[in-house]
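Below, each chain spelled out in residue letters.
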Amino acid sequence: MIRRLLAAALAVLATGTVAVVLQQPEPATAEPRGREPIIVGHRGASAHRPEHTLLSYEAAIALGADYIEPDLVATKDHVLVARHENEIGGTTDVENHPEFAGRRTTKTIDGVSITGWFTEDFTLAELKTLRAEERIPDLRPDNTAFNGLAEIPTFDEVVALAKRSGVGVYPETKHPSYFDSIGLSLEEPLLEVLGRHGWRGSRDPVFIQSFETANLRELSKKTRLPLAQLINAAGAPYDWIAAGDPRTYDTMVTPAGLRDVASYADGVGADTRRIVPVGPDGRLLQPSLLIRDAHRAGLMVHTWTIRNENSQLPVDFRFGNPVSPAFPRATGNVMGWLEKLYSLGVDGVFADDPGMANAVRERVF
């Protein structure tokens, strides 16, 4: 509690005096809930440090995150590392390493042609010679001050940090069908690392998440660890697309679809637009029934991603002068957006700034 109160105070101080002039969110009907929502440090504290680095995860823990989230991809020697994608041209300094110039190539990942450098073409030892960089420097220029300071962490290093710090992990398997197709399955080494650190049971602080379904169904037969089905705002799981299955994420959020998800998973990780749809003008519409229907199916609902910047918020919660060049990256009324989501009964939020999410949670609950 002391850590969370301190983190809340730090978050409020970080926002300056803006909060006192922001509008309050509209009242919403809350789903009955028995406990406070969890806060997941999305790729660490990616609002403050380059994502998927130990620097970012350490900051998330200090700001009050209950879980830290690594996206997982595999190396050539089948070690899991934390990267947003297996293409690392935009998140490392690999382009400055002439010894790896010949590794640049074009691949088709989940039906999309991508050119760059890919983790599966590097051994772990080779990846450790690279340094992380901010992925979206135009939106988060301050994070570029940390470029070149951090290595690419292994999943084992992330779990060890979480264990030492008393928080959980919320790993995402990235492109599981693709990695299966090249003989670098993600699920077995994922369970091996977690088991080696003593996390195997349904009450351990772990959620394993995926946008695909087949690997979660497979995992449900191999582990008692909690599983979360990710649900995008549009489209369909890639394993359904590859199999010619006509169903989409729209199918998944129906009452029947959620009951099917509950047969292999413990929760859903839903895009915020699935909870509060957005109209053509970017403004929020009436909340959907997803939280109610998921809870009736016995599923927890975690939502992603809460970001501070105006350009990443619904129009209703943007704040400042829209003509200012700094407006897109300025902090909007993220406090009001969080309060609205909490009031609707979500069981957890993925936040780029866990301190902000924690400060609002302390006030609301």
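Residues numbered from 1 in each chain as written. Predicted model: local features only at pLDDT ≥ 70, side-chain atom pairs only at ≥ 80, totals over all residues. Heavy atoms only, no water.

This brings us to the pattern of salt bridges. The tally for this structure, following the rule as stated, stands at 26 salt bridges. Of the charged contacts in the structure, one is a salt bridge between Asp-121 and Lys-107, with a shortest N-O distance of 3.0 Å. A residue pair is termed long-range when its members are at least 10 positions apart, and Asp-121 in the loop between strand E6 (112-116) and helix H3 (124-127) and Lys-107 in strand E5 (residues 105-109) qualify at 14 residues. Among the residues examined, Lys-107 registers a relative accessible area of 16% and is labelled buried. (Salt bridge = Lys/Arg side-chain N within 4 Å of Asp/Glu carboxyl O. Helix = DSSP H or I, 4+ residues; strand = E, 2+ residues; numbered from the N terminus. Buried < 20%, exposed > 50% of the residue type's maximum accessible area, 1.4 Å probe, protein only.)

Right, let's get into the packing of helix H2 (residues 54-62) against helix H4 (residues 155-165). Axis separation between H2 and H4 bottoms out at 11 Å; the angle between their running directions is 20°. When the axes of H2 and H4 are compared, the pair comes out roughly parallel. Crossing of H2 against H4: the hand is right-handed. The segment H2 lies against H4, with Leu-54, Tyr-57, Glu-58 and Ile-61 engaging Glu-157, Val-158, Leu-161 and Ser-165. Across the contact of H2 with H4, the residue classes break down as 5 nonpolar, 1 polar and 2 charged. (Axes fitted to C-alpha atoms, helices over the stretch in contact; angles between N-to-C directions. Parallel < 35°, antiparallel > 145°, perpendicular 65-115°, else oblique. Left-handed = near helix turned anticlockwise from the far one by under 90°. Contact = heavy atoms within 4.5 Å. Nonpolar A, V, L, I, M, F, W, Y, C, P; charged D, E, K, R; others polar.)

Counted by the stated rule, this structure contains 9 aromatic pairs. With centroids separated by 5.7 Å and ring planes inclined at 90°, the aromatic side chains of Phe-211 and Trp-304 adopt a geometry described as edge-to-face. Note that Phe-211 is positioned in the loop between strand E9 (208-210) and helix H7 (214-220) and Trp-304 in strand E12 (residues 300-306), a separation of 93 residues in sequence. Ring pairs connect the aromatic residues Tyr-67, Tyr-170, Phe-207 and Phe-350, which therefore count as one cluster. Over the ring of Phe-122 we find Arg-103, and its NZ or CZ is 5.0 Å from the ring centre. Stacked on the ring of Trp-117, the Lys or Arg Arg-104 has its end atom at 5.6 Å from the ring centre. (Phe/Tyr/Trp six-rings, centres within 6.5 Å; stacked < 30°, edge-to-face > 60°. Lys NZ or Arg CZ within 6 Å of the ring centre and 35° of its normal.)

A few words now on the side chain of Ser-185. Among the secondary structure elements, Ser-185 is positioned in the loop between helix H5 (176-181) and helix H6 (187-196). At 3.1 Å, the side chain of Ser-185 and the side chain of Asp-180 are in polar contact. Setting aside its immediate chain neighbours within four residues, Ser-185 contacts His-78, Phe-179 and Asp-180. (Polar contact = N/O pair within 3.5 Å; in protein donor to acceptor, adjacent residues only side chain to side chain.)

Time to look at the confidence of the model for the protein chain. Overall, the predicted model of the protein chain reaches an average pLDDT of 92, with 91% of residues at or above 70. Per-element confidence in the protein chain ranges from a low mean pLDDT of 44 for helix H1 (residues 2-14) to a high of 99 for strand E4 (residues 80-82). When the criterion is pLDDT under 50, residues 1-33 qualifies, and its contacts beyond four places in sequence or with other chains add up to 54 contacts. (pLDDT = per-residue confidence, 0-100.)

This next bit is on the nonpolar core. Ile-68, Leu-194, Ile-275 and Leu-338 are the most contacted members of the largest nonpolar core, which has 82 residues in total. Looking at this core, the element that brings in the most residues is helix H13 (residues 334-343), giving 6 residues. Setting aside anything within four residues of it in sequence, one finds Leu-338 in contact with Ile-306, Val-349, Met-356, Ala-357 and Val-360. Membership of the second largest hydrophobic core comes to 10 residues, among which are Val-40, Tyr-170, Leu-230 and Phe-350. (Core = buried A, V, L, I, M, F, W, Y, C linked by side-chain atoms within 4.5 Å.)

Here the largest pocket is characterised by a volume of approximately 650 Å³. What lines the largest pocket is a set of 31 residues, and nearest its centre among them are Glu-85, Glu-172, Lys-174, Phe-211 and Asn-232. Put simply, the parts of the chain that give the lining of the largest pocket at least two residues each are E6, strand E8 (172-173), E9 and E12. Tallied by class, the residues present in the lining of the largest pocket amount to 13 nonpolar, 9 polar and 9 charged. (1 Å grid on protein atoms, 1.4 Å probe; cavity = no way out; pocket = protein on both sides within 12 Å on 5 of 7 lines; lining within 4 Å. Points joined across faces, edges and corners; volume = space filled by probe spheres on them.)

Here we take up the packing of H13 against helix H14 (residues 354-364). One way to put it is that H13 packs onto H14 with a least axis distance of 9 Å and a crossing angle of 55°. With respect to their mutual orientation, H13 and H14 come out oblique. Relative to H14, the crossing made by H13 is right-handed. Where H13 abuts H14, its residues Val-334, Met-335, Leu-338, Glu-339 and Tyr-342 lie against Met-356, Ala-357, Val-360, Arg-361, Arg-363 and Val-364. Residue composition of the contact of H13 with H14, grouped by class: 8 nonpolar, no polar and 3 charged.

Here we take up unusual backbone geometry. If a residue is not glycine, its phi is most likely negative; likewise, a peptide bond is most likely trans. The step from Trp-304 to Thr-305 runs through a cis peptide bond, and the omega angle for that step is -15°. Unlike most non-glycine residues, Asp-110 shows phi in positive territory, near 50°. Looking at the element boundaries, Asp-110 is found in the loop between E5 and E6. The exposure class assigned to Asp-110 is partly exposed, which follows from its relative accessible area of 22%. Here His-175, not a glycine, exhibits a phi torsion of approximately 50°, which is positive. Among the structural elements, His-175 can be located in the loop between E8 and H5.

Okay, the environment of Asp-142 next. As for its position among the elements, Asp-142 is in the loop between H3 and H4. Residue Asp-142 is classed as exposed on the basis of its relative accessible area, which comes to 64%. When the C-alpha positions of Asp-142 and Leu-216 are compared, they lie 37 Å apart, and in sequence the two are 74 residues distant.

Once that is clear, we can look at the environment of Arg-318. Within the element layout of this structure, Arg-318 appears in the loop between E12 and H13. Along the backbone, Arg-318 and Ala-330 are 12 residues apart, and their C-alpha atoms lie at a distance of 9.0 Å. In this structure Arg-318 touches Asn-310, Ser-311, Leu-313 and Phe-327, once residues within four positions along its chain are discounted. Within the structure, Arg-318 has its side chain in polar contact with the backbone oxygen of Asn-310 (distance 2.9 Å).

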